[in-house]
Structures are given as structure tokens and as C-alpha cells.
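# Structural overview
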Amino acid sequence: MADAPWAEIREKFQAALALSRVELHKNPEKEPYKSKYSARALLEEVKALLGPAPEDEDERPQADDSLGAGDHALGLPAELVEAEGPVAQGAVRRAVIEFHLGVNHIDTEELSAGEEHLVKCLRLLRKYRLSHDCVSLYIQAQNNLGILWSEREEIETAQAYLESSEALYNQYMKEIGSPPLDPTEHFLPEEEKLAEQERSKRFEKVYTHNLYYLAQVYQHMEMFERAAHYCHSTLKRQLEHNAYHPMEWAINAATLSQFYINKQCFMEARHCLSAANVIFGQTGKIRTTEDTTETEGDVPELYHQRKGEIARCWIKYCLTLMQNAQLSMQDNIGELDLDKQSELRALRKKELDEEESVRKKAVQFGTGELCDAISAVEEKVSYLRPSDFEEARELFLMGQHYVFEAKEFFQIDGYVTDHIEVVQDHSALFKVLAFFETDMERRCKMHKRRIAMLEPLIVDLNPQYYLLVNRQIQFEVAHAYYDMMDLKIAIADKLRDPDSHIVKKINSLNKSALKYYQLFLDSLRDPNKVFPEHIGEDVLRPAMLAKFRVARLYGKIITADPKKELENLATSLEHYKFIVDYCEKHPEAAQEIEVELELSKEMVSLLPTKMERFRTKMSLT
């Protein structure tokens with residue numbers, strides 16, 4: 001090729017790359033893709049100057065090119081063929097142009113044309129794909145096809161491309177290992193080619209992107225274990241290669257913590273959240289890399305939103321750890337079982353031993369100062385399930401700190417659903433802390449705090465638009481009043497002679513619990529105020545529990561009027577009978593409330609006799 005055309009080709013290619021990097025918002029408003037179209041025109045000129053591809057057998061469409069993932073989709077390794085000689089070099093340069101044309105068309109939302117160019121790129125490189133000159137370009141083309149097919153929701157095709165890229169990277173690193181040529185170098189003079197260190201950095205970044213896309217594909221396919229593994233590897237590599245956007249990295253780490261929380265791997269979850277805090281703290285403090293288009297300090301709203309989202313992940317951590325401990329230690333009526341408490345303490349010793357040996361090393365992010373900074377955050381909060389009130393209180397206070405942080409952004413004006421979920425989590429923190437509290441008066445105060453934060457929400461919410469949320473809060477407020485009433489009864493039982501004040505308080509709590517359970521049950525009625533003959537599966541258990549508790553509440557009203565007491569017993573019996581009759585007509589409902597159903601059957605049997613005795617007593621007086 002003559003020097004003049006080659007210089008012209010190089011110049012046009014570099015100009016096309018520069019135009020491709022222009023951000024969309026810097027184009028005219030009515031022509032957002034103006035720079036992309038200009039870059040495309042230059043790439044087409046370069047393609048014409050390079051001339052047509054030779055009609056090699058290897059460059060014609062092949063049977064498995066419809067997939068494009070090649071031999072790796074079948075698990076077969078590539079053979080090393082170096083791209084030597086003018087024919088091979090010409091094919092590689094054309095492949096570079098096809099790749100950039102493919103990416104350009106995808107950027108302008110012309111997916112079919114983009115796919116066509118990327119498949120041409122793979123076809124041209126096919127036999128050279130393991131070579132030092134081509135491996136990076138081949139992996140990048142497959143990564144882009146993986147993303148394209150993922151956007152089309154053809155997830156298995158996306159998976160095949162991305163797994164092919166991963167296999168090719170691993171084979172190259174095992175068999176060759178030296179940093180390969182970056183695709184841009186095919187149009188650079190020898191003296192401008194990249195140093196080995198820069199090549200390595202770029203190739204590792206390509207592989208990190210590959211792992212990131214695989215994590216998303218596995219998540220989409222509900223292969224959660226594998227998705228978490230790839231997400232963790234991606235985050236780890238981004239730190240190692242100093243190629244990350246602090247805000248985005250922190251959110252991804254916090255999101256990964258939720259997977260570990262669901263798996264009850266609290267040490268790993270804590271590590272992810274602590275790392276998220278440390279890296280988020282770098283926002284606006286590190287220089288902008290080629291990955292970032294603007295510093296995060298320029299987007300304060302997004303900054304505060306992400307801060308609030310990370311806080312919500314911390315709330316879930318503290319809450320779930322406390323709830324998990326409660327489940328481990330409670331007896332069949334939800335109170336603390338001392339034997340189970342001892343078992344949990346013994347189990348925690350085993351968890352501590354495991355931490356030092358294997359688990360901590362497996363998840364560790366960063367080295368040196370970064371590692372120390374993450375450890376400093378971790379030391380402020382336990383990953384072990386609390387076994388007593390003091391330990392639970394530490395977690396509660398941490399969770400409450402993040403509740404206040406989350407509410408700074410997720411306010412009721414503009415973020416109704418998010419705000420309510422944060423308040424519900426705050427209430428749940430109080431509820432689980434009450435389990436660890438032995439003083440009944442203090443437990444009452446905790447439930448009172450829950451009511452104080454939840455009741456105003458019912459007033460503010462329009463039930464027409466927020467029916468489900470309204471139901472949740474009505475049920476939760478009713479349950480809080482119900483728990484408080486039980487606690488006040490237990491306190492009264494310990495007194496020799498309860499005064500009128502405590503009796504009045506018990507009846508007041510009873511009345512409030514009845515009010516909110518009735519509001520919940522009324523929300524299930526149709527527009528004609530008729531209660532459904534068949535209760536939906538999503539509300540079956542809460543509806544049956546509400547009926548059971550209403551029955552019990554009527555039986556707990558304290559009154560000196562025998563006639564009123566008889567009426568209360570009759571209403572109680574009516575609700576117990578509803579549960580028994582409903583479960584006979586709908587046997588599937590019995591599985592949802594086995595304990596309550598048995599008690600309801602007992603009460604249906606016992607209450608008529610009790611009422612008859614009451615009537616006899618009344619007639620005698």
C-alpha cells in the first residue's frame with residue numbers, strides 16, 4: 001500500500017475515533033447522533049480505501065456463524081494462527097473497521113445493521129482469533145454481540161457469545177499470556193504503538209467488562225449463585241486495575257450484599273457494604289477516568305439518591321441479622337427460649353473460627369490502605385447474630401442511623417413508596433428489638449413508637465392509589481396495638497389488684513387493634529361492601545389472622561356489664577366460626593393457618609357452653 005493512502009487512512013480512522021467519543025449532549029438537540037453519523041461516514045471511507053476483502057474460504061459465511069460464538073460455544077479451544085502477511089493484515093484491518101461500524105450502528109439504535117458488521121468482524125478474524133494481534137478485538141466484538149442479544153432478550157444467545165469470550169481469554173492467558181495488541185494499534189505507526197503495560201491494562205479491562213456482562217446475563221437467567229460470583233469478580237478486578245466509577249462501584253457492591261443477606265452469609269454482606277461506604281466516600285475525589293463522562297460531584301441529586309440506596313441496604317442488613325437471631329431463639333409462641341439462646345451462642349463460636357480460616361479471604365476487596373479502611377468500617381458492626389438485648393441494640397442503632405440517612409433523600413413528597421418502605425423497616429427494627437427486651441413496659445414503649453411512625457401514613461395515603469400499602473400498614477398498626485394489649489394484660493396479671501387505669505388502658509388498646517383489623521378486612525370487600533366468598537391467595541393468611549385476632553380481641557374486652565360481655569362472646573364466636581367454615585369450604589386455606597385453625601375449632605366447641613352458663617347466671621340474678 002502506498003504511503004500517501006496509508007497516511008490518509010490512518011488520519012481518517014483517528015478522526016472517526018475522536019468523533020465516536022463525542023458525548024451525545026454535546027451534539028445539536030435535534031441531531032443527537034450528528035457526531036456518530038460523521039464518524040460512520042469516515043469509517044466507510046476507510047473501508048473503501050482498504051478495498052474489498054479477499055474471497056478466502058475462511059471468510060465466507062459458515063454454518064455456525066448465525067450464532068457467531070464459534071467453536072467456543074461448543075467448548076472447543078481455538079488453534080493459534082498468527083495474522084502474518086499482507087492478506088492476513090488486510091483482513092484484520094477490515095475487521096477493525098467492521099467492529100467500529102458495528103458499535104456505531106448499535107450506538108445509533110440500528111441493531112440489525114450493528115449485528116451484521118460485528119458478525120463480519122468475527123468472520124474476518126475467525127482463524128486468527130487466538131493470535132496476539134486479534135484476540136482483544138475478537139473478544140470485544142463478541143462482548144458487543146452479547147449485549148445486543150441481551151437487549152433483544154435472547155439471553156441464551158447472549159450467554160453463548162459471552163461465555164465464548166471468557167473461554168478465549170482464559171485460553172489466551174494460559175497458552176500465550178503476553179499483553180495483546182489493542183484494536184486501535186492496527187492504524188498506528190510503529191513508534192506510536194502502546195507500551196506493554198498499557199496493552200495489559202486495556203485487555204484486562206475488556207475481560208472485566210466480559211465478566212460484568214456475564215453477571216447480568218446469569219442474573220437474568222436466575223442463576224443467582226453464578227451471577228453473584230461474576231459480580232464479585234468484576235468488582236474485585238475493577239479495584240485491582242483502578243478502573244471504576246466510585247458511585248457505580250459502591251451501588252453494585254451494596255446490591256451484591258443483598259444476595260449474601262438472602263443466603264444468610266452476613267460476614268460477606270457486611271464486607272460488601274463496608275467496601276461500598278469506603279469507595280462511595282471517594283466520589284468527586286478521584287480523577288475522571290476514560291470510563292466516566294462526568295464527575296459525580298456534578299450530579300448532587302444522583303449522589304444523594306445513591307447514598308440513600310446504600311443506606312437502605314445497610315438497614316436490610318441490620319434488620320435481617322436481628323430477625324434471623326429471633327427466629328433461631330424464639331419458642332412456639334414467639335418468646336425467647338433460653339435453650340435456643342445457648343445453642344446460638346455455641347454456633348457463633350463456630351462462625352468466628354470459619355471467618356478467619358476461609359470465608360474472609362474469599363471475599364476480600366482491595367489491598368493495603370483500602371483494605372484497612374474497609375476493615376475499620378467492618379469493626380463498627382457485628383456480622384454475628386445477636387444473642388441478647390445489648391448486642392441487638394447495637395445493630396438496632398446502626399440500622400436506625402441508616403434509616404435517618406435514607407429518609408434524607410427518600411422523602412414522602414416525590415418518593416412515596418420508597419419513604420413508606422423505609423418507615424416500615426424502621427418499625428420492623430423496633431419490633432424485633434422488642435423481642436430481646438425483657439422489661440414489658442419498655443417493650444410497650446417500642447410498639448408505641450412503631451404506631452407513632454405508621455399511623456400518620458394511613459392519613460396521608462389515598463387508598464385508591466395505594467391500596468396494598470394501606471393494607472400492609474393497617475395490619476401492622478393493628479398488630480402493634482394487639483401486642484401492646486397482650487403486654488398490658490401480662491403486666492396486670494402480675495398485680496394483685498389492677499386499678500381502673502390499667503383496665504381502661506387494656507380496653508383502649510383492644511379497641512384500637514379492632515379498629516385497624518376491621519379497616520384491613522373492610523379493604524377486602526367489593527364495591528358493594530360484600531366480603532369475598534373466595535379470598536385471594538396474596539391476602540389469605542393475613543385475612544385469616546385478622547379474623548382470628550378480632551375473635552380473640554372481642555373475648556378480651558373487660559366489662560362489668562354481663563349483657564355486653566355476652567354480646568362480645570357472640571361476636572367472638574362468629575369470627576371463630578368464619579375461620580372453621582371457610583377452611584372446610586377451601587381446604588387449601590387450612591395449610592396457611594394450621595395453629596389458628598385448631599384453636600378456632602376449640603373455641604367454636606367451648607364458647608357456646610360458656611355463653612349458656614352466662615345466660616343461666618344472668619337469669620338467676
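Residues numbered from 1 in each chain as written. Predicted model: local features only at pLDDT ≥ 70, side-chain atom pairs only at ≥ 80, totals over all residues. Heavy atoms only, no water.

On the surface, a cluster of negative charge is made up of Glu-537, Asp-538, Glu-588 and Glu-592. Tracing the backbone shows Glu-588 in helix H21 (residues 587-590). Judged by relative accessible area, Glu-588 falls into the partly exposed class, the value being 41%. (Patch = residues over 30% accessible without salt bridge, like charges linked within 9 Å, V, L, I, M, F, W, Y side chains within 5 Å. Areas by Shrake-Rupley, 256 points an atom, 1.4 Å probe, with all protein chains shown as cover. Salt bridge = Lys/Arg side-chain N within 4 Å of Asp/Glu carboxyl O. Lys, Arg positive; Asp, Glu negative; His and termini not counted. Charge placed at Lys NZ, Arg CZ, Asp CG, Glu CD. Helix = DSSP H or I, 4+ residues; strand = E, 2+ residues; numbered from the N terminus. Buried < 20%, exposed > 50% of the residue type's maximum accessible area, 1.4 Å probe, protein only.)

As a further point, take the packing of helix H17 (residues 467-493) against helix H18 (residues 500-522). Where H17 contacts H18, the two axes come as close as 8 Å, and the packing angle between them is 160°. Between H17 and H18, the crossing angle belongs to the class labelled roughly antiparallel. For the crossing formed where H17 meets H18, the hand is left-handed. (Axes fitted to C-alpha atoms, helices over the stretch in contact; angles between N-to-C directions. Parallel < 35°, antiparallel > 145°, perpendicular 65-115°, else oblique. Left-handed = near helix turned anticlockwise from the far one by under 90°.)

Turning our eyes to something else, we now look at the packing of aromatic side chains. All told, the structure shown has 26 aromatic pairs when counted by the stated rule. Aromatic side chains Tyr-169 and Phe-203 sit 5.3 Å apart centroid to centroid with 40° between the ring planes, which places their arrangement in the tilted category. Of this pair, Tyr-169 sits in helix H6 (residues 155-175) while Phe-203 sits in helix H7 (residues 196-220), and the two are 34 residues apart along the sequence. Like Phe-203, Tyr-169 is buried. Between Phe-578 and Tyr-582, the ring centres sit 5.9 Å apart and the planes meet at 20°, which makes this aromatic pair stacked. With Phe-578 and Tyr-582 both in helix H20 (residues 562-585) and four residues apart, the pair spans about one turn of that helix. When its relative accessible area of 23% is taken as the criterion, Phe-578 is described as partly exposed. Taken together, the aromatic side chains of Tyr-169, Tyr-172, Phe-203 and Tyr-207 make up a single cluster linked through ring pairs. (Phe/Tyr/Trp six-rings, centres within 6.5 Å; stacked < 30°, edge-to-face > 60°.)

Another aspect to go through is the packing of helix H3 (residues 85-107) against helix H5 (residues 135-151). Running from N to C, H3 and H5 point in directions that differ by 25°, and their axes come no closer than 11 Å. Taken together, the axis directions place H3 and H5 in an arrangement best described as roughly parallel. The way H3 lies across H5 gives a crossing that is left-handed. The segment H3 lies against H5, with Val-92, Ala-95, Val-96, Phe-99, Val-103 and Ile-106 engaging Leu-137, Gln-140, Ala-141, Asn-144 and Leu-148. (Contact = heavy atoms within 4.5 Å.)

Overall, the coordinates contain 26 salt bridges when judged by the stated rule. Here Glu-163 makes a salt bridge to Arg-226, at a shortest N to O gap of 3.8 Å. Linking Glu-163 in helix H6 with Arg-226 in helix H8 (residues 224-240), this pair joins segments that are 63 residues apart in sequence. Residue classification places Glu-163 among the partly exposed residues on the basis of a relative accessible area of 25%. Judged by its relative accessible area of 38%, Arg-226 falls in the partly exposed class. We note a salt bridge from Asp-418 to Arg-312, for which the minimum N-O separation is 2.8 Å. Taken together, the positions of Asp-418 in helix H15 (residues 416-436) and Arg-312 in helix H11 (residues 300-329) put the pair 106 residues apart, joining distant regions of the chain. Where salt bridges share partners, they join Glu-8, Lys-12 and Glu-45 into one cluster.

A positive phi angle, near 60°, is found at Gln-264, a position not held by glycine. Take Gln-264: it is sitting in the loop between helix H9 (246-262) and helix H10 (266-280). Positive phi outside glycine occurs at Lys-529, with the angle close to 65°. If you trace the backbone, Lys-529 turns up in the loop between H18 and helix H19 (540-556).

An ideal rise of 1.5 Å per residue puts 30 Å on 21 residues; H15 measures up with 31 Å between its terminal C-alpha atoms. Counting buried positions over the 21 residues of H15 gives 17, a clear majority of the element. (Expected span 1.5 Å × (residues − 1).)

Okay, the side chain of Gln-238 next. Summarising the element assignment, Gln-238 is placed in helix H8. Excluding residues that lie within four positions of it along the chain, Gln-238 makes contacts with Thr-208, Ala-243, Tyr-244 and Trp-249.

Counting 125 residues, the largest nonpolar core has Trp-249, Tyr-317 and Ile-473 as its most contacted members. Examining the composition of this core, we find that 14 residues originate from one element, H17, more than from any other. Among residues more than four places away in sequence, those in contact with Ile-473 are Ile-420, Gln-424, Leu-454, Leu-457, Ile-458 and Leu-461. Formed by 56 residues, the second largest nonpolar core is a distinct cluster that contains Leu-42, Leu-43, Leu-101 and Tyr-207. (Core = buried A, V, L, I, M, F, W, Y, C linked by side-chain atoms within 4.5 Å.)

Turning to its location among the elements, Glu-79 is positioned in the loop between helix H2 (34-50) and H3. A relative accessible area of 66% means that Glu-79 is categorised as exposed. Spatially, the C-alpha atoms of Glu-79 and Tyr-128 are 8.2 Å apart, while their sequence positions differ by 49 residues. In contact with Glu-79, other than residues within four places in its own chain, are Lys-127 and Leu-130.

The values reported here are purely geometric and, on their own, carry no functional implication.
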